[in-house]
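These are the residues of each chain, in order.
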Amino acid sequence: MALLKVKFNQKKRVKLAQGLWLMNWFSVFAGIIVFSMGLFLKIELRKRSEVMDNSESHFVPNSLILMGILSCAFNGFAGKICYDSLDPAKFAKWKPLLKPYLALCFFFNILIFFVALICFLMRGSLESTLAQGLKNSMKFYRDTDTPGRCFMKKTIDMLQIEFKCCGNNGFKDWFEIQWISNRYLDFSSKEVKDRIKSNVDGRYLVDGVPFSCCNPSSPRPCIQYQVTNNSAHYSYDYQTEELNLWRRGCREALLHYYSSMMSSMGAIVLLVWLFEMVVMVGLRLLHTSLESIANPEDPECESEGWILENSLKDTLKSALENLKKIGKFNQVQADGEGAEGEEGGKTPAITTVS
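Sequence positions are assigned chain by chain, starting from 1 and proceeding in written order. Given that the model is predicted, a residue must reach a pLDDT of at least 70 before its local features are reported, and side-chain atom pairs must reach 80 or more before they are shown or counted; all residues, however, enter totals for whole chains, interfaces and linings. Only hydrogens and water are set aside when side-chain values are computed; all heavy atoms of the structure are taken into account.

**Quick notes on the packing of aromatic side chains**
Given two aromatic rings, one states the distance between the centres and the angle between the planes to describe the pair. Rules: Each aromatic pair joins two rings of Phe, Tyr and Trp (for Trp, the six-membered one) with centres within 6.5 Å, and gets the label stacked for planes under 30 degrees apart, edge-to-face for over 60, and tilted for any other angle. Segments assigned H or I by DSSP are reported as helices when at least four residues long, segments assigned E as strands when at least two residues long, and all are numbered from the N terminus.
All chains considered together, the criterion is met by 12 aromatic pairs. Measuring from centroid to centroid gives 4.8 Å for F113 and W273, while their planes differ by 45 degrees, and the two rings are tilted. Here F113 is found in helix α4 (residues 95–121), whereas its partner W273 is found in helix α8 (residues 250–291), with 160 residues between them in sequence. Look at W174 and W179: their rings are 6.3 Å apart centre to centre, the planes differ by 75 degrees, and that puts the pair in the edge-to-face class. These aromatic residues form a ring-pair network of at least three members: F74, F77, Y101 and F108.

**Concerning a nonpolar patch on the surface**
Put simply, the test is: Residues form patches when they are more than 30% accessible in relative terms and have no salt bridge. Like charges link within 9 Å. Nonpolar side chains (Val, Leu, Ile, Met, Phe, Trp, Tyr) link within 5 Å. For accessible areas, the Shrake-Rupley method is used with a probe of radius 1.4 Å. Any residue's cover is judged against the shown protein chains and nothing else. By definition here, a salt bridge exists when the distance from a side-chain nitrogen of Lys or Arg to a carboxyl oxygen of Asp or Glu is within 4 Å.
Taken together, W21, L22, W25, F26, Y83, L86 and F275 make up a surface patch of nonpolar side chains, about 710 Å² in accessible area. By residue number, the principal contributor to the nonpolar patch is helix α1 (residues 10–47), which donates 4 residues. Mapped onto the secondary structure, L86 falls in the loop between α2 (59–84) and α3 (88–91).

**What to know about the environment of I180**
In plain terms, the rule: Throughout, a residue-residue contact means that at least one pair of heavy atoms, one from each residue, lies within 4.5 Å.
Along the chain, I180 falls in the loop between α6 (152–163) and α7 (190–197). Separated by 39 residues in the primary sequence, I180 and Y141 place their C-alpha atoms 7.9 Å from one another. Those residues within four positions of I180 in sequence are excluded, and the remaining contacts are R142, L185, Y204, V206 and Y225.

**Some remarks on the state of the cysteines**
Let me state the cut-off plainly: A pair of sulfur atoms, both from cysteines and within 2.5 Å, is called a disulfide here. Working definition: with a 1.4 Å probe on protein chains only, accessible area under 20% of the residue-type maximum means buried, over 50% means exposed, and in between means partly exposed.
Here the structure, examined in full by the defined rule, presents 3 disulfides. The disulfide partner of C165 is C250, and the gap between their sulfur atoms is 2.1 Å. Because the torsion about its S-S bond is 85 degrees, the bridge between C165 and C250 counts as right-handed. With a gap of 85 residues between them, C165 in the loop between α6 and α7 and C250 in helix α8 connect regions that are remote in the sequence. For the pair C165 and C250, one class covers both residues: buried. Between the sulfur atoms of C214 and its disulfide mate C222 the distance is 1.7 Å. Here the disulfide of C214 and C222 is left-handed, its torsion about the S-S bond being about -60 degrees. Given the relative accessible area of 16%, C214 is considered buried. Relative accessible area serves as the criterion here: at 36%, C222 is assigned to the partly exposed category.

**A word on the pattern of salt bridges**
Scanning all chains against the criterion turns up 10 salt bridges. Measuring nitrogen to oxygen at the nearest pair gives 3.1 Å for the salt bridge that ties K47 to E44. In this pair, K47 and E44 are both assigned in helix α1, 3 residues apart and thus about one turn of the helix distant. Judged by its relative accessible area of 5%, E44 is buried. Among the charged side chains, a network of salt bridges with common partners joins E44, K47, R48 and E162.

Here it is in structure tokens:
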């Protein structure tokens, strides 16, 4: 028994073809949107590639770009088929191509669904990429005179100002690295010498943060240095007072930014997938309804369309049997080649008569 069998007359077939033609061009527009989203995400990732680990993958934006291009190509081709199906003479040339095309559409829709899932599942990979990348970038904050790193101070400062964040996980991350260049340290000062000697690695560490960590909305002047020293500031307790520094770490801020973007894109791609599935089902019904016309010379006669010629159970069973046949055929062929090799390797016995 065929799956989702529907009866069609000429009027219904024409309406289905016209509707599918329109839907395919909507799908082309959706493909352009998916392509644009992938391009936008790729640009956003490139903009902040300096604060991301080198292993950061552009798999998601590249996949979106590819799916957008394929969607435009597939649906543009399907639109042409639907338009030609209004004329039986024009449709005849597409008949041999429809089954392979529908098979490609099926695999294409699986890929779209996979890309949509990846958009939702990339958070973990992105988090580790950002954590390692930000940690490395903060170490180069002071290298304003080093070629290839002189831009890092500006990059970090602009990032902290734009995303209202401080450090990797929080402002205390700056206490663990030397973010002030030796160029601006007075090594004749006792305080500087003591701080460097007190550190095993010989670094100048302070309980201070860059200016970009300061919250301009705070009514109090920014406490940028000696953040944990209560006696250094009047009426101040860093443990109880709301600090005038950004509380959120930049890893969390960037993760939220990119995760929200990818989740929104994933939802849009999922809607595109549902739309593509409807178009594929409609195209299959149009294909079978035109093929099952009893009298091709009488286009006004009734016909039947279906999704699967047999039930889903029978179709799966038939597919498994075909796979088994292919496997057996390959095995027999391999055995035959092995037998030929053995026969070819034998040397005939030679009898000598004295």
